[in-house]
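So the chains spell out like this:
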Amino acid sequence: GASALWLSQERQKASHCGFFSPSKGNFKVCVCGGSGGIGQPLSLLMALDDNVGELSVYDLNIAMVPPAGVAADLGHLESKVQVRGYAKGLEEKAVDALGDCLQGCDLVLVPAGMPRKPGQTRDDLFKINANIAKEVVEACAKYCPNAVVALIVNPVNSVVPAMAELYKKKGLDPKKIVGVTTLDGVRANKFVAEIAKEHPNNVNVPVIGGHAGVTILPLFSQDKHAAKIPQAEIPALDKHVQDAGTDVVNAKNGKGSATLSMAYAGARLGKAVLAGLAGTPTTECAYVASDVEKDFPYFTSKVTFGKTGVEKVHGIGSLSPYEAKRLEEAKAALKKEIQSGLDYAAANS
Ligand code: NAI
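Cut-offs used in this document
Residues numbered from 1 in each chain as written. Predicted model: local features only at pLDDT ≥ 70, side-chain atom pairs only at ≥ 80, totals over all residues. Helix = DSSP H or I, 4+ residues; strand = E, 2+ residues; numbered from the N terminus. Rg over C-alpha atoms; globule rule 2.2 N^0.38 Å. Buried ≥ 20, exposed ≤ 12 C-beta atoms within 10 Å, placed from the backbone. UniProt positions renumbered as here; feature names shortened; annotations may be inferred. Axes fitted to C-alpha atoms, helices over the stretch in contact; angles between N-to-C directions. Left-handed = near helix turned anticlockwise from the far one by under 90°. Contact = placed C-beta atoms within 7 Å. Nonpolar A, V, L, I, M, F, W, Y, C, P; charged D, E, K, R; others polar. Core = buried A, V, L, I, M, F, W, Y, C linked by C-beta atoms within 7 Å. Expected span 1.5 Å × (residues − 1). pLDDT = per-residue confidence, 0-100. Near = placed C-beta within 6 Å. Pairing = 2+ DSSP bridges. Right-handed = clockwise from strand over helix to strand, strands pointing away.

Enquirer: Is there a simple way to think about the overall build of the protein in this case?
Expert: Each helix and strand counted, the protein has 10 helices and 11 strands in total. Here the C-alpha atoms of the protein give a radius of gyration of 20 Å, agreeing with the 20 Å that 2.2 N^0.38 yields for 349 residues. Seen along its three principal axes, the alpha-carbon backbone of the protein occupies a region of about 60 × 45 × 40 Å. Each of the 349 residues in the protein was classed as buried or not, and the buried ones make up 49%.

Right, dumping it as structure tokens:
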């Protein structure tokens, strides 16, 4: 019957390598900026997810490694995935390459854009990176309007509102645009695990607010191991999580920002989205269109990904007095960064 037909269709889709796992999805995923510092390891980690049937690696034809090369390389992994590379060449051909690579995509991961240099803030990057994101997001609107578009490109706090508003104006669901803040939670978990002498898998600190400086608000009170850390140590730990990105920028000394840990975090979010699409609702913190905090149309909180993408945006839960105070500080900064995004959308639609 219907399920036999479904099985045979799925087998056909996977038949290029004779590999088939019936319990898994067969999704098409694109990594835009797939030849970059984040893009390459992110493509590797996504190619290893059994929910991925096809992976598109998209980048500029002047990228450090041609996307076709990244694709050829990843094509030899012992996974079911079929990998294809797409290069953005001459301007008039750009849209065609993006169209082929995005057609039928379920998830688009976007680490395309300039990374921060020492002394640069995420806001300095906004103009350059918003234009890069706009090109990708407009192509998603055209070729894969139902895909979840996960934006890694910084400054996330402003780029996500800008792009989600563009989706709204096209009559598309702004919740398809998801800001990737997973790395903040990954770092908070790691730092707590080190203090508590626990495996990081046993730690789960929600990080809410946004994804830059004081807008990054780890809720240590909501994790059972972190909650045991003396209150006097919390402000420094909080700051350590906020500054972790800058620590990597400084350690790389002008040669880029976090790439490997970001790829790990991006893949964690990407796999959660695909698990949801495949029928297993999965929850991660993410920065999305939201109504959990009054007057904040975009906010990071726990989000459950289901069969259509963002299924539920959860409230922030109970806060310690320190966290409640920090929330006000986070909101004051986030408000301005959201506004930059809204202004960009108003000026560029
Ligand atoms: P990178 O420079 O190594 O790679 C960026 C890639 O994007 C390059 O291969 C470049 O050719 C490509 N690219 C540029 N313009 C493009 C366009 N119009 N279309 C397609 N591809 C294009 O930079 P890296 O280190 O991979 O960082 C990428 C972005 O991720 C930066 O904006 C960075 O700030 C951000 N980031 C975000 C984090 C987060 O937690 N959300 C953490 C770390 C970085």
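Moving on, there is more to tell.
Enquirer: It is not clear to me how the UniProt feature "binding site: substrate" (unreviewed entry) in the protein should be interpreted in this structure. Could you clarify?
Expert: As annotated by UniProt and renumbered to match this structure, "binding site: substrate" (unreviewed entry) occupies R116, R122, N154 and R187. Tracing the backbone shows N154 in the loop between β5 (148-151) and α6 (156-169). Judged by local crowding, N154 falls into the buried class, with 27 C-beta atoms found within 10 Å.

Enquirer: What should I look at first to understand the packing of helix α5 (residues 126-143) against α6 in this one?
Expert: Helix-helix packing is described using two parameters, namely the angle between the two axes and the distance between the axes. Where α5 contacts α6, the axes come no closer than 10 Å and their chain directions differ by 35 degrees. Here the hand of the crossing between α5 and α6 comes out right-handed. Of the residues in α6, those in contact with F126, N129, A130, A133, K134, V137 and A141 of α5 are S158, V159, A162, M163, L166 and Y167. Counted by class, the contact of α5 with α6 contains 10 nonpolar, two polar and one charged residues.

Enquirer: Any chance you could explain the nonpolar core here in plain terms?
Expert: Soluble globular proteins tend to pack their nonpolar side chains together in the buried interior. Ranked by internal contacts, the top residues of the largest apolar core, which has 100 residues, are L107, V108, V110, V149, A150, L151 and M163. In terms of residue count, the dominant contributor to this core is helix α9 (residues 260-277) (nine residues). When residues no more than four places from it in sequence are discounted, the contact partners of A150 are L107, V108, L109, V110, V178, V180, L269, G270 and V273.

Enquirer: I would appreciate a short explanation of α9 in the present structure.
Expert: Each α-helix winds once per 3.6 residues, and so residues spaced three or four apart point in a common direction. Here α9 spans 26 Å end to end across 18 residues, near enough to the 26 Å set by a 1.5 Å rise per residue. Counted residue by residue, α9 has 13 buried out of 18 residues, so it is predominantly covered. Two residues or fewer after α9 comes G279, characterised by a positive phi angle close to 110 degrees.

Enquirer: When you look at the confidence of the model for the protein in this model, what are you seeing that I'm missing?
Expert: Detailed reading of the predicted coordinates is not advisable wherever pLDDT is low. For the protein, mean pLDDT is 92; residues scoring 70 or higher make up 91% of the total. Between residues 14-18, whose pLDDT stays under 50, and residues either more than four places distant or in other chains, the model counts seven contacts.

Enquirer: Can you help me understand the environment of K307 in this one?
Expert: Topologically, K307 is positioned in the loop between β10 (298-306) and β11 (309-313). Taking C-alpha positions, K307 is 32 Å from N348, a pair spaced 41 residues apart along the chain. For K307, the contacting residues outside a window of four places in its chain are G276, L277 and G279.

Enquirer: Explanation requested: the site of the ligand in the structure shown.
Expert: If you check the shell around the ligand, you find 33 residues, and the closest are G33, G36, G37, G113 and N154. Elements that contribute at least two residues to the shell around the ligand include exactly β2 (52-60) and α5. For the shell around the ligand, the residue count by class is 17 nonpolar, 12 polar and four charged.

Enquirer: Honestly, the pairing of strand β3 (residues 82-88) in this entry has me stumped. Any pointers?
Expert: Summarising burial for β3: five of the seven residues are buried, a large majority. Across seven bridges, the pairing between β2 and β3 is parallel. Residue pairing in the sheet places L60 in a bridge with K88 of β3. For the crossover that starts at β2, traverses helix α3 (residues 67-74) and ends in the parallel β3, the hand is right-handed.

Enquirer: Please explain the pairing of β10 as it appears in this structure.
Expert: If a strand is regular, its side chains alternate between the two faces of the sheet. Burial analysis of β10 places seven of its nine residues in the buried class, which makes it a mostly covered element. In the sheet, β10 pairs with β11 via four bridges, with the strands oriented antiparallel. Residue F305 lies in a different strand from β11, and its bridge partner there is V310. Adjacent in sequence and paired antiparallel, β10 and β11 are bridged by two residues.

Enquirer: Whenever I open this one, helix α7 (residues 182-196) confuses me. Can you help?
Expert: The end-to-end C-alpha distance of α7, which contains 15 residues, comes to 21 Å, matching closely the 21 Å that a straight helix rising 1.5 Å per residue would cover. Residues of α7 that are buried: T182, L183, D184, G185, V186, R187, A188, N189, F191 and V192. The inward-facing, buried residues of α7 abut β7 (207-209), β8 (216-218), α8 (234-252), α9 and β9 (282-289). The first or second residue beyond α7 is K197, which carries a positive phi of 55 degrees.

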